[in-house]
Structure formats: structure tokens, C-alpha cells
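# Breakdown of the fold
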Amino acid sequence: MSTAAPGPHDDRVHALLSARRAGCLSRRAFLRGLLAVAAVGHASAPFADIAPHAHGGMEPARFWAVVRAAQAQLFPAGGDAPGSDDVNAAAYLAAVLVDPGVHADEREFIVDGVPLLADFTRERTGREFDVLAGEERETVLRTIENSPVGQYWLSLMIYYVLEAVLADPVYGGNVDRAGWAWLDHHPGFPRPPQGFHATRR
Amino acid sequence: MAEYDVCIVGSGAGGGPVAARLAAAGRAVVVLEKGSWAHEADFYKDERAMVARRAWKSGLVAEPRVLEDRNADGTWTAASTATSERDYWNGNLVGGATNFMSGYFHRLKPLDFRLRSEFGPVAGADVVDWPIAYDDLEPWYAHVEHAVGVSGRIVAHPHAEPRSTPDLPWPPTAEHPFAARIDQHCGAVGMHPFPVARAILSRPQGRRRACEYSGYCGGYGCASGAKGSARAALLDAAVAGGHCEVRPHAHVTRLLSDATGRVTAAEYRDGRGMTRQVTARLFVLAAQAIESCRLLLLSPGPRHPQGLANASGLVGRNLVFSSAALGSGEFDIDALPGAEAAALARPGPFVNRALQDWYVIDDPALGGRRKGGTLELVEPHPNALPRANGLKWDAHGKLVWGVPLQRRLVHEFRRVRRLNFEVFADWLPNPDCHVRLDPSVRDAWGVPVARVKLGYHAENAPVAAFLAARGEDALRACGASGVHSRIYDSPPPNLVAGGCRFGTDPATSVLDPDCRAHTVDNLFVTDGSFMPTGGSVPYTWTIYANAFRVAERIVDQL
Ligand SMILES: Cc1cc2nc3c(=O)[nH]c(=O)nc-3n(C[C@H](O)[C@H](O)[C@H](O)COP(=O)(O)OP(=O)(O)OC[C@H]3O[C@@H](n4cnc5c(N)ncnc54)[C@H](O)[C@@H]3O)c2cc1C
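Anyway, here's the lowdown on the structure attached to this text.

So, how was this worked out
- Residues numbered from 1 in each chain as written.
- Chains lettered and ligands numbered in written order.
- Predicted model: local features only at pLDDT ≥ 70, side-chain atom pairs only at ≥ 80, totals over all residues.
- Heavy atoms only, no water.
- Contact = heavy atoms within 4.5 Å.
- Buried area = accessible area lost by both parts, 1.4 Å probe.
- Salt bridge = Lys/Arg side-chain N within 4 Å of Asp/Glu carboxyl O.
- Polar contact = N/O pair within 3.5 Å; in protein donor to acceptor, adjacent residues only side chain to side chain.
- Helix = DSSP H or I, 4+ residues; strand = E, 2+ residues; numbered from the N terminus.
- Near = heavy atom within 4 Å.
- Areas by Shrake-Rupley, 256 points an atom, 1.4 Å probe, with all protein chains shown as cover.
- Nonpolar A, V, L, I, M, F, W, Y, C, P; charged D, E, K, R; others polar.
- Buried < 20%, exposed > 50% of the residue type's maximum accessible area, 1.4 Å probe, protein only.
- Axes fitted to C-alpha atoms, helices over the stretch in contact; angles between N-to-C directions.
- Left-handed = near helix turned anticlockwise from the far one by under 90°.
- Disulfide = S-S within 2.5 Å.

### Structural notes on the interface of chain B and chain A
Each partner contributes residues to the interface: chain B has 48 residues there, and chain A has 54 residues. For the pair chain B and chain A, the two sides together bury roughly 4300 Å², of which 57% comes from carbon and sulfur. The largest contributions to the chain B side of the interface with chain A come from B:Arg48, B:Arg53 and B:Trp401, which together make up 20% of the buried area. Between the two partners, chain B and chain A, sit four salt bridges. Here B:Arg53 and A:Glu163 are joined by a salt bridge, their closest N and O atoms 2.9 Å apart. In this assembly, chain B and chain A are joined by 20 residue pairs in polar contact (both at pLDDT 80 or more). Among the elements of the structure, α2 (47-52), β4 (76-80), α3 (81-84), α10 (385-390) and α11 (402-415) of chain B are those that each provide at least two residues to the side of chain B that touches chain A. The element that contributes the greatest number of residues to the side of chain B that touches chain A is α11(B), accounting for eight residues.

### Points about the site of the ligand
All names here are of chain B. Taken together, 38 residues form the shell around the ligand, and within it Gly-14, Glu-33, Tyr-104, Val-252 and Thr-540 come nearest. Within the contact set of the ligand, an oxygen atom lies 3.1 Å away from a side-chain nitrogen or oxygen of Gln-288. Contact with the protein chains covers 94% of the free accessible surface of the ligand, which is 990 Å². Split into classes, the residues belonging to the shell around the ligand amount to 17 nonpolar, 17 polar and four charged.

### Quick word on the pattern of salt bridges
Side-chain pairs of opposite charge can arise whenever the charged atoms involved come near each other. Residues and elements named next belong to chain A. All chains considered together, the criterion is met by 57 salt bridges over all chains. Measuring nitrogen to oxygen at the nearest pair gives 3.0 Å for the salt bridge that ties Asp-85 to Arg-68. Taken together, the residues span a long stretch of sequence, with Asp-85 in the loop between α3 (60-74) and α4 (89-96) and Arg-68 in helix α3 at a distance of 17 residues. For Asp-85, a relative accessible area of 44% translates into the label partly exposed. Where Arg-142 meets Glu-138, a salt bridge forms, and the shortest distance between an N and an O atom there is 3.3 Å. Here Glu-138 and Arg-142 lie together in helix α6 (residues 134-145), a separation of four residues that amounts to about one turn. Owing to a relative accessible area of 26%, Glu-138 belongs among the partly exposed residues under this scheme. One connected set of salt bridges, linked through shared partners, spans Arg-62, Asp-119, Arg-122, Glu-128 and Asp-130.

### Notes on the packing of helix α5 (residues 104-125) of chain A against α6(A)
Each pair of packed helices can be summarised by the angle the axes make with each other and by the distance between the axes. Residues and elements named next belong to chain A. It is at 11 Å that the axes of α5 and α6 come closest, and there the two elements cross at 115°. Handedness of the α5/α6 crossing: right-handed. Contacts between α5 and α6 involve Leu-117, Phe-120, Thr-121, Arg-124 and Thr-125 from the first element and Val-140, Leu-141, Thr-143 and Ile-144 from the second. Residue composition of the contact of α5 with α6, by class: five nonpolar, three polar and one charged.

### Here we look at the state of the cysteines
Residue and element names in this part refer to chain B. Summed over all chains, the structure comprises zero disulfides over all chains. Not engaged in a disulfide, the cysteine Cys-217 finds its nearest cysteine sulfur in Cys-211; these two sulfurs lie 6.6 Å apart. The buried category is assigned to Cys-217, whose relative accessible area is 14%. Distance from the sulfur of Cys-500, which forms no disulfide, to the nearest cysteine sulfur (Cys-293) is 4.0 Å. Its relative accessible area of 0% is what places Cys-500 among the buried residues.

### A look at the side chain of B:Ser224
All names here are of chain B. Among the structural elements, Ser-224 can be located in the loop between β7 (197-198) and α7 (230-240). Separated by 3.2 Å, the side chain of Ser-224 and the backbone nitrogen of Ala-226 make a polar contact. In contact with Ser-224, not counting residues within four places along its chain, are Glu-40, Arg-208, Arg-209, Ala-210, Cys-211 and Glu-212.

Written as C-alpha cells, this is what we have:
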């Protein structure tokens, strides 16, 4: 993830975005392209030469601490709203990351964004993302959002939190129908049985 | 000796009626369907599977298409759906897309069969009259009402089409509270809202249960059997009768023809990847418009060097679509009368209202009398994910998250109820809307894929805009606020027809008036490809009716 100010890489990003919009670029080439742009000029970015890795090269515990902290910022508990932890959003995302029904490139992009967020936070603040206070997390995420790469990554993270809030509980999120109850949403019937997993690409 | 009397390719709205009728007549029928065979018990209201993970649709990477769109500067961009991930599959399983349709059923109107004589030529559009009239199809529309199961209530209105029977065989499905609101308020401003027929049973019939009002209809398989899919309504009974065999996982790759030009066999790939053949006396193609065109083009033979049935070069030409615009308005739930608000708490019942006051438009601003269309008033689909996900963007393209996102969700799900409309208008057949074989892109088995050019005629837009404005009027008349609408900039793929238009002249049509290929004695095409123009309605009722009509011709000749 690049920095806030429009930088020398913007032209490349715009080219990638419009090629993707026109359908000329596969999701793989698009996401790889975005990550490559993000990695340039980012001293500690581990993605100059990107190799897919289960936890983006991070310790699994670190990886998930950052994910959970980011999800909590994107979807906090409070009022009558269930927070990301209440709907098991991290475990839900872990299942998504091995779901063949989700495009492999999208899964890798999500994974690879986590160390970028972690490194960027460390460079900016000297601390880990997950120990930051809410306001500091917000500042970091809003900064990241200023780059198309970061915005795309955040949009995916939000989407999968929303799946955890609203998909059928058989998929591991929406614990005790907390998301449905909060929004007074009626899911229809019959519902998929426990253990059901329909997926197709 | 052929193995079967009739081999049908594709098991949806075009294939089901032919299989049912011929099996009832005691003919040996085989239906080849590339998808799997799911049953009522397999259908869950699982939004993640159906909406987010594309259950029961062909793979985008294994089976791509190439779509060509016109850019603002008039140039064209072609992209494979494997990379663009635009979904142009509508349901690939026994029963086809009819498993997932919403079942809003409309007949065409008498004038739809003679657009050219009625409204004259349109420059740059290939509008022609049909070789049959409404009266030829009317008995078959009536037949579908019983055979597939159509519910509703017939109400006179200025553009109602003539009927041979007074009413529909099934009473209407349960009504959404907004139906009464529409009748009252649209009626008060001089519009004529009428109940829309649905291919949904309001009372049980045989093995099929009545609608259970789960609220999740369009886009989902029906667990009660109430929806009139080709599978639940027609194929299940045909198979039980003993004369019809359905082979799922049978992906037809070409039709083989002999030196006389007749089709001898269908070649298909089975579930294990083995190439097999079926022989029959007669073949019926019903793989949905785009795939039927592709299959004909993939099947040259000794007498058909340009592809089967393609001596005219017209196979794939004049593809048409139907839906043209969408609109929405909202109601603050606290401002609605208590009983109405309470009734709105659960999804389930249907609005089932439409307006056809502008089926013909006579407005000087639009250049005088011309063809208009249908405004369908509908409850929003209860799917939660697309609705929620749309709320994460603000008006400036920035992301919304945290408490502001949660507030938006609460507003959308708990504070407002919406009434939407969909506009159906004629898609003018034009030289830039067609199917060919792509010269380079192949599917996972090395077979050239369909290349679909999606050019639209400039005259579509003013009609869509006119109707969308009337839709906004209707919503406002009903008391909605925040009313907005949007004209589609690319055609929705679920309502597609044309590509093998029927007609009397072999030089200007692919099929004869009975939907038999002009140049192939024993080949019929019965999905929506036969339609030279699409009418201003969704057209599955027409596809069903025509397929029954053609089935009768086939019975006569076998
Ligand atoms: C979500 C949704 C909502 C809809 N709502 C409505 C509505 O409200 N009203 C309405 O009138 N219409 C509606 N429709 C449209 C309706 O479903 C179609 O008009 C209708 O199904 C078309 O019939 P068909 O026979 O052309 O194709 P299908 O019903 O799709 O059948 C074609 C079949 O052929 C199979 N096939 C394709 N290629 C091959 C091959 N090579 N070998 C073997 N088999 C093959 C396919 O897998 C498929 O099962 C809706 C569609 C969708 C998807």
C-alpha cells in the first residue's frame, strides 16, 4: 500500500484499473499489478518479488491479530450492532481464504495486503497495528484508503465482514443469527443444513 | 435404426414442453442437459451459494464467452468473461434458467407479431413481422396456463390482450401490502395497474406444493415445486411416464449431419469427459439463444459448410434482449399506517402489479406513435449481501465503514421499505447485436466459445427513459420518496432471445414458421432464438407456448 499523496505510481495504477474495467486484464494480473505498484518505493515491503504464502510471510498469530484489529475497526461492536468478533469475522475470513468458490487471486490479494498494512503501520507509528488505539487505526486505514490498492483491499475486507454478518450461520459467521437479528433480516427457508457447503467457480 | 425418436438438447423453457408433449404421445425421447439434476430437496435459500458463489452455473473460466461492447468513441472492446468475470450464464441444470426465474408471466400482444406493419421500418434496425399471428399462439398461451401452472387474476385494462378463457386457472398468490396502495394511488392519477400473472402455484397440484412465501424466488431454486420450472412442471412427469430419459452432465459439442443434410447424431461429452453420441430421427435444439447459435455454428456438415442451418448466414444474427431500466423509491416505515408497516415486516407475498398504459406511446416529444413497453412494479429482492455491500461506498467513491456503515445498514434494513420498478421495452434487432464463434478463445475442452456483440440501437434509449420517467411518476403517486431510476447501459443477460429468427423466406430467416430449420428437415429450434422481435415483456411464457405449438407439429409428422 502506497502513501497518501498522489505519487509517481498513479499512472500505472490508473492503467491497471481501466484495463481491468474493460475486462482486458485477468483478476490475477490486476491484483498482482496493484501489489507490485504498492511494493515499489516501500523499503520494507516483502513484495518486490511476490510469492504467495499462507500468511503473507507473517507469523500466523501476528497475521490474525492484525486482521482482527482491522475488522474490528471496520465493523466495531457497539449499541445493538454485533461487532466483527461477535460474528466470528476472523474465523469466517480464514474459511474464505481456503474456499475454492472465491477466486484464488482474490484470496491471495487479501492475504498479501495484511503484511503491507502491518509494515506500513510500523513505519508510520513504530508500533503494531493491533496495539494502536481506535483513532490511530482509523488514521492508518484512511491513509491506506488514499491509494487505489489500499482502497481495493479495504473494500474486500469490508465485504467479507458483511458476509460474516449476513451469510447463513452454517458458514461460521453470523453467530446465533446475530447479524440477522440486528437488522431484522428474514433469511428465507429452507435454510442450508449444518455442514452444507455449496460452492462453484 | 436411430436409438430415439427425438433428441432434445437443453432442458429449459424451450426443451421441457417438447419433451413433455412427445413423451405423452408415446415417442421415445432423450434430453441431453449439460448441467446436473437437482430436485426440490436440493434447493436451499442460501444467499451465499446462489448470489456470491454462482451455484448451478457454468464456470466462468472453464466455459467463457467473449463479450463485445461499444465504447463511447464508437470503437469496440472485446473481453473474455474468464477475465472480466461478467456472468452471462443463467442456470445450467435440468430445467435450465426456469429453475431460477421469478416467473413474472406476460403474453406478447397482437401488435408484437406485426411491429413492422404497425410502426413502419426503423433505420438501422431489422424489424420484421412474425410469420404467425397472436391468434396462432393464443391457444398455446392458454395451454401453458394449465400445463406449467399460472396464477393470477385477469383484469381489463386498455392494453390487455384478447384471451380465449376468462381467467387464469390458479387464483393469485398472496399479495404484498403495497399492491393495494398501487391500485389506489396509481388508479387515482389515471393509470391502470393490473395484477401480473405468475408461473407460481397458489394451490398444490400433484406432487407440487403451493408457494410457501419464503420471499426468495428469483435467482433461487424452488423448494416447494410451486415455481413452474420446466423440470418441476414438465420433465418430472414426463420421466415418470416412462417415455422420456433425461441425461444430466451431457454437454453437447456438435450435431452431426449426413450427405443428405439431415442430422444423424448429437455428440456430447459426459460427466467423465468421454465423448459419446446419441442417434435419433429428429433433433430439437433448446440450449438458450446464445448456446443454440454456437452449437449450430460448431456443426458444419457435408451439406452445411457454413454451419448447420446457416445457408443464409443468419445464424446468430438479430439477437435481442428485453429489460431496459430499473427504478426505486422508499417509504419511511414509521410514516406508514400501522397495519401496513406490520404486514411489511416479513418478506414473502408479492406485489404483482404492472402498468402497460404506455405499451404504445403517442407523444410528440418522442416523434409520434411508437412502441412503448411494460412497467413492472416489484418488491425489492430480499437478498441482503448486495444491498449491504452497496452501502459501503459514499457518493464521492470513498469507503464507508465502522459506525457510519452500521447506521446506513440499520436505515436500509430497518427504517425503510422500498418499491421498485423494472422497465421492459423492445430491443431493436440491429446489425451490431449477434453471436459468432470466437476465432481464438476456446473453452476448457478446446471448443470455440460464443463471441457476443452487444450493440444496441440508439432508439432504445428514449423509450426506456420515457418509461422510467412514468415509473418514477407511479412511485411518487404511491407516496414514495427518494425516487430514482437508471437506464441499463448493457443488456441484462437473463432475458435473451433471437439469433435464429423464424420466417417464411429462407433468405431472410433461419427457421420456418414451425421453427424447423429451412435447410435441415429433421432439426427444430424451440428456445427463444426463434423470436424475430422480443416484445416489451419478459418472454418465457412465449417460449413455453411456442415450444408446445412446435411440439404438436412434431407429433404430427413423426
Ligand atoms: C434470475 C432470473 C429471473 C428470471 N425471471 C423471469 C421472469 O420473471 N419472467 C420470465 O418470463 N423470464 C424470466 N427469466 C428468464 C427465463 O429463465 C428464460 O427466458 C428461460 O429459461 C429461457 O429458456 P431457454 O430454454 O431458452 O433456456 P434455459 O431455460 O436456460 O435452458 C437451456 C438449457 O440448456 C442447457 N445447455 C446449454 N448448452 C448446452 C449444451 N451444449 N449441451 C447440453 N445442454 C446445454 C443449459 O445448461 C440449460 O439448462 C429469468 C431468468 C433468470 C436467470
